[in-house]
Amino acid sequence: MATVDVIKCCHDSIRQASENIKDAIVYLDAGAAESFQFLGAFPLLLELGARAVCSLENMSVVDKVVDWNTGSDPASKIVVVTSCLLSDAHRYILRCLSALQNVHGCAVYTSISEVAHSAYPDSPLGPDAFREYEILLNQDYEELVKKHERPHTVVNDSGLKEGSASEEEGWSELTDIDDDSFRDYGISNAKHRGEDYFSGSEDVGQKLVVSVHHFPLILCPLSPRVFVLPSEGSTAEASLSSEHESSISSGLPPLSTGKLADAEDVSPGANLTAQFLYHLALKMDLKLEIFSLGDLSKNVGKLMTDMSSLYDVGRRKRSAGLLLIDRTLDLLTPCCHGDSLVDRMFASLPRMQPASSLSLLRGSQSQLKISPHKVERARLTVQIPLDKYIVQDDKESNFQLLENIEAFFNGWDAFKSDAPSADFMKFRKNLNDESCFQLNESKLLHGSFVSTDNFRGALYLEAILDRRTKDGAMLVKKWLQECLRQESPTPNLNTRPGLASKSELQSMLRSLAKRQSSLVKNKGIIQLAAATVHALDESNSASWDAFNSAEKILHVNAADTSQSLAAQISDLINKTVLAASRGQKHNKSQGLFTLEDALLLTVIGYILAGENFPTSGSGGPFTWQEEHFMKEAIVDAILENPTVSRLKLFQGLLDDLEAKTKSNKKNEDPSGHSDGFELDDDQWDSWGDDDADKDTSKDEAYSDMQLKLELRDRVDNLFKFLHKLSGMKGNSALREGMSALESRRNDDPSSTKGLLYKILTNVLDHNAIPGMEYHSSTVGRLFKSGFGRFGLGQAKPSLSDHNIILVFVIGGINALEVREVQEAIARSSRPDVEVLLGGTTLLTPDDMRELLFGDYSHI
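The rules we used
Residue positions within a chain follow its written sequence, with the count starting from 1. Reporting of local features is limited, given that this is a predicted model, to residues whose pLDDT is at least 70; pairs of side-chain atoms are given and counted only at 80 or more, and all residues count toward the totals for whole chains, interfaces and linings. Water and hydrogen atoms play no part in the side-chain values, which are based on all heavy atoms of the structure. Inter-axis angles, ranging from 0 to 180 degrees, are taken between N-to-C directions of lines fitted to C-alpha atoms, where helices are fitted over the stretch in contact. Only DSSP runs of H or I covering at least 4 residues are called helices, and only runs of E covering at least 2 are called strands; the numbering of each starts at the N terminus. An angle counts as roughly parallel when it lies under 35 degrees, as roughly antiparallel when it exceeds 145, as roughly perpendicular when it falls between 65 and 115, and as oblique in every other case. What makes a crossing left-handed is the near helix being turned counterclockwise from the far one by less than a right angle; a clockwise turn instead makes it right-handed. Contact between two residues is taken to exist if any of their heavy atoms lie within 4.5 Å; hydrogens are not considered. In this classification, the charged set is Asp, Glu, Lys and Arg, the nonpolar set is Ala, Val, Leu, Ile, Met, Phe, Trp, Tyr, Cys and Pro, and all remaining amino acids, among them Gly, are polar. Here, nonpolar core refers to any group of buried Ala, Val, Leu, Ile, Met, Phe, Trp, Tyr and Cys residues whose side-chain atoms link them within 4.5 Å. For the exposure calls, accessible area comes from a 1.4 Å probe over protein chains only, and a residue counts as buried if that area is under 20% of its type's maximum, exposed if over 50%, partly exposed in between. A pair of Phe, Tyr and Trp rings is counted when the ring centres sit within 6.5 Å of each other, with Trp represented by its six-membered ring. The angle between the planes then sorts it: under 30 degrees is stacked, over 60 is edge-to-face, the rest tilted. Counted as a polar contact is a pair of N or O atoms within 3.5 Å, where, for protein atoms, one must be capable of donating a hydrogen and the other of accepting one, and residues adjacent in sequence contribute only when both atoms are in side chains. By this definition, two strands are paired if DSSP reports at least two bridges between them. We define a salt bridge as a side-chain nitrogen of Lys or Arg found within 4 Å of a carboxyl oxygen belonging to Asp or Glu. The predictor attaches a confidence to each residue, and that confidence, scored 0 to 100, is pLDDT.

1. Describing the packing of helix 35 (residues 755–764) against helix 37 (residues 815–827)
Phase 1: Orientation of helix 35 relative to helix 37, taken along the N-to-C sense of each, is 20°, at an axis distance of 9 Å. Looking at the two axes, helix 35 sits roughly parallel to helix 37. Here helix 35 and helix 37 pass one another in a crossing that is right-handed. Residues Leu 756, Tyr 757, Leu 760, Thr 761 and Leu 764 of helix 35 form the contact with helix 37, whose own contacting residues are Glu 817, Glu 820, Val 821, Glu 823, Ala 824, Ile 825 and Arg 827.
Phase 2: For the contact of helix 35 with helix 37, a count of residues per class yields seven nonpolar, one polar and four charged.

2. Examining the nonpolar core
Phase 1: Formed by 74 residues in total, the largest nonpolar core has its most connected members in Met 345, Phe 449 and Val 807.
Phase 2: The element contributing the most residues to this core is helix 26 (residues 523–536), with nine residues.
Phase 3: Ignoring anything within four residues of it in the chain, the contact list for Met 345 reads Phe 449, Ile 464, Leu 528, Ala 531, Thr 532 and Ala 535.
Phase 4: Of all hydrophobic cores here, the second largest spans 57 residues; its members include Ile 248, Val 375, Leu 608 and Phe 613.

3. A look at the packing of aromatic side chains
Phase 1: Inspection of the entire model under this criterion finds ten aromatic pairs.
Phase 2: Both rings, one in Tyr 109 and one in Phe 215, keep their centres 6.2 Å apart while their planes meet at 85°; by these two values the pair is edge-to-face. With Tyr 109 in strand 4 (residues 105–110) and Phe 215 in the loop between strand 5 (209–214) and strand 6 (220–223), the pair connects residues that are 106 residues apart, well separated along the chain. The exposure classification of Tyr 109 matches that of Phe 215, with both residues buried.
Phase 3: Among the aromatic residues, those joined into a cluster by ring pairs are Phe 227, Phe 276 and Phe 808.

4. Some points on the side chain of Ser 250
Phase 1: On the secondary structure map, Ser 250 appears in the loop between helix 11 (234–237) and helix 12 (268–283).
Phase 2: Residue Ser 250 is classed as buried on the basis of its relative accessible area, which comes to 10%.
Phase 3: In this structure the side chain of Ser 250 is engaged in a polar contact, spanning 3.0 Å, whose partner is the side chain of His 858.

5. Overview of the sheet that holds strand 4
Backbone hydrogen bonds hold the strands of a sheet together, and the pairing may be parallel or antiparallel.
Phase 1: Here five strands make up an open sheet; going across it, the order is 2-1-3-4-5 and the pairing parallel. The open sheet has two edge strands, strand 2 (52–55) and strand 5, and neither has a second partner. On average, each strand axis in the sheet is inclined to that of its neighbour by 20°, with strand direction left out of account.
Phase 2: Taken together, the four bridges between strand 1 (residues 25–28) and strand 3 (residues 77–82) define a ladder with parallel strand orientation. Along strand 3, the bridge assignment pairs Ile 25 with Ile 78.
Phase 3: Contacting strand 1 and strand 3, helix 3 (residues 30–39) runs over the sheet at an angle of about 105° to strand 1.
Phase 4: Sheet contacts for helix 5 (residues 86–99): strand 1, strand 3, strand 4 and strand 5; angle to strand 4, the most-contacted strand, approximately 155°.

6. Observations regarding the pattern of salt bridges
Should the charged atoms of two oppositely charged side chains come close, the side chains can pair.
Phase 1: Here the structure, examined in full by the defined rule, presents 26 salt bridges.
Phase 2: The closest approach of N and O atoms between Arg 515 and Glu 487, which form a salt bridge, is 3.1 Å. Here Arg 515 is found in the loop between helix 24 (502–512) and helix 25 (516–521), whereas its partner Glu 487 is found in helix 23 (residues 469–487), with 28 residues between them in sequence.
Phase 3: Residue classification places Arg 515 among the partly exposed positions, given a relative accessible area of 44%.
Phase 4: We note a salt bridge from Lys 521 to Glu 487, for which the minimum N-O separation is 3.6 Å. Within this pair, whereas Lys 521 is found in helix 25, its partner Glu 487 is found in helix 23, the two being separated by 34 residues in sequence.
Phase 5: Residue Lys 521 is classed as partly exposed on the basis of its relative accessible area of 43%.
Phase 6: Salt bridges linked by common partners bring Asp 339, Arg 468, Lys 753, Arg 819 and Glu 823 together as one network.

7. What about the side chain of Asn 522?
Phase 1: Inspection of the secondary structure puts Asn 522 in the loop between helix 25 and helix 26.
Phase 2: Of the polar contacts made by the side chain of Asn 522, one reaches the side chain of Glu 487; its length is 3.3 Å.

8. So, the environment of Lys 523
Phase 1: Relative to the helices and strands, Lys 523 is located in helix 26.
Phase 2: Classification of Lys 523 as partly exposed rests on a relative accessible area of 39%.
Phase 3: Linking Lys 523 and Ser 448, residues 75 residues apart in sequence, is a C-alpha distance of 9.9 Å.

9. Points about the sheet that holds strand 9 (residues 318–326)
Phase 1: The seven strands are arranged 6-7-12-11-9-8-10 in an open sheet whose pairing can be described as mixed. The two strands at the open ends of the sheet, each matched to only one other strand, are strand 6 and strand 10 (773–775). The mean inter-strand angle of the sheet, taken between neighbouring strand axes irrespective of direction, is 25°.
Phase 2: Pairing between strand 11 (residues 804–810) and strand 12 (residues 834–839): six bridges, direction parallel.

10. Some details on the packing of helix 16 (residues 341–348) against helix 26
Phase 1: For the pair helix 16 and helix 26, interaxial distance at closest approach is 9 Å and the crossing angle is 80°. Between helix 16 and helix 26, the interaxial angle falls into the category roughly perpendicular. Residue-level inspection shows Leu 341, Arg 344, Met 345 and Ser 348 of helix 16 in contact with helix 26, the latter providing Leu 528, Ala 531, Thr 532, His 534 and Ala 535.
Phase 2: Of the residues belonging to the contact of helix 16 with helix 26, the class tally is five nonpolar, three polar and one charged.

11. Points about the confidence of the model for the protein
Phase 1: Of all residues in the protein, 67% have pLDDT values of 70 or greater, and the mean over the chain is 77.
Phase 2: The least confident element of the protein, judged by mean pLDDT, is helix 9 (residues 187–190) at 35; the most confident is strand 11 at 96.
Phase 3: In the model, residues 173–205 has pLDDT below 50 throughout and makes 67 contacts with residues more than four positions away in sequence or in other chains.
Phase 4: Below a pLDDT of 50 lies the segment residues 431–444, which in the model reaches 25 contacts outside its immediate sequence neighbourhood of four places, other chains included.

Structure, rendered in structure tokens:
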């Protein structure tokens, strides 16, 4: 039986574009670059004959001189791979063509289909989107060529605004970008430098040949059977819900109410997700039977069945079941800090800043506006601080490695090739300075994850994806020992049997990276081991472990009474007040928990309360008195330290709260003034006027009272939002049905397993899932409505009938759920079943806190 492998399928799709890739400069936008990094597709692009692989958003005219295949003639064609709408990528594509004027062919590959382009809100393209864009891009390019041919005309980035396409509504304008390389070596300066920038007037006037293709398989595989969407792609960024009564965030599906949205009210994210999954199935040659749980998933399933045709049904394909699940059916799992090494890594490692934010900050429009149709996701591209963990304590031992890297960079700097060698000697001399040494290191040494088998055939990321923290660290330690033995027959390994400690891993890391050849040869395991050490570092692990302990306590109290759970939540909030006051007094950190952290724990507590005490209060799971204590605790926490309340809920109050805090500190000062006894003119005028003092104190008291009332109103809105999360009326039938199935199978009702584990366990045991809807195909509906009256109807399919099951969580997944899926398969009596797990993005608890309380919250 052929196995399902999304990585292999993506590589096959790239090979199908080999004709256009050969002898071309390949430009990837941020989403495509993120996808190709996890795919390990960069060597494949060079294997197919690409001259260079460059960033679309950060393009430069010097890209044309980089030629990995040593071609003699300059590149005459480019290939653009984008995960965004053509209207969003247009300004960058036009910028490439304006900078590389000798290009005669431009092939654009987009992950968004023609139908999705025409259905997207405010889209300037119609049903024949690809053909329309080919014409529009040619028109804009011809305008640029004409401007170049006019005498005494300076063309720069701002000139692109005048193109015909950018004037239409919906097109992303190209603002002025302070890019030195582009300004110094752009179109207007090519003649002044005397370079043969253009390949002759005939080439400049030659018509550009544009072709647009659909390339749906732009995804980020964490393993051959686990994937998420690129964070800066249009599908992941598209809003999943507009602001209404049942919505909680633009980045999450609405809460299930059992009512399907009308076709015109379906969110952009639902449309793009349906298009992606439909074309993914086509590329993987799968015939899908679609099942759904949740309102948004039902809308996506309906859209996918409407796309199916008699032609698709008649083709010979492998049968597979697709299960769509709303993330809002289980908010508890991604909010919690579970026992997963990969989750710890992604939560602790710094992420790269989104390219969209960088481009806006460079331009004149530095104000980042939140689009109602887009959600900015955290990038999957992490920055592993290799310099922190592989650089030796002895600085002399690092000279050779850093010199080689510096020499490599200087070698590629073609415009500074005549620089004196004194600069290089100055760099070496600066290594003796500790601060400069650290600065240079951090600029030169960084790593990131790669999930494919291009490191001696070892799928490292896949192997630890479903591992607990201790098991994953032990596996990394084993890999390091094997690599050291291969590098040296008699390695000096001072390791102890048992658990892997941070010091042991770091010692082995430094030994393995001591020689440059070993560093390059074993870069895959070195990067993963450095990420493991970073996650196990006390500064990161202490916070995660504290969260994990607090969440366990909340689970224990939730099994007791609502009073004990409410008291525990209030205690966690009060601890942030105490930590903040101590931190301000001693100028130290605020402790392990901030107010934002306490609010995330409050969400967890309310969800647990909604499951265990659904009828304790009239509007929520707690009584009025229990909620009153929690509200007062939050108000006190904000008044004590207002700087931590930078949330959407408290926007507009931050300045007043900070001013009040400064005033209180000034009043508490026994001297009354920090810099001697000074009075301004107004104070001298009112000297001895008791009535003026009384009026001032009354105004201050009134202002303080007004501020507290406004703050309490905001906190009341917060608890209305928490009531919405704890209620989740659409989940009650599913929750009760799952509880009944667990009791029938004698499962532990207090188990903290997530919803995915419970659903898959019951599906593989051939149990019906309450609330799961089956979406009949075109032929199925024909049998049901037409031939069924003659006794030719077909039985309703079951998800458990399939050996291939694709589970897609709309809203995102985390690594803990990957392990729970594997545990559900291992527990079943069906080892032959293949389960693929996908999601909108990879979620961390910080991401959930941002979605629930940040700029995209519907609080």
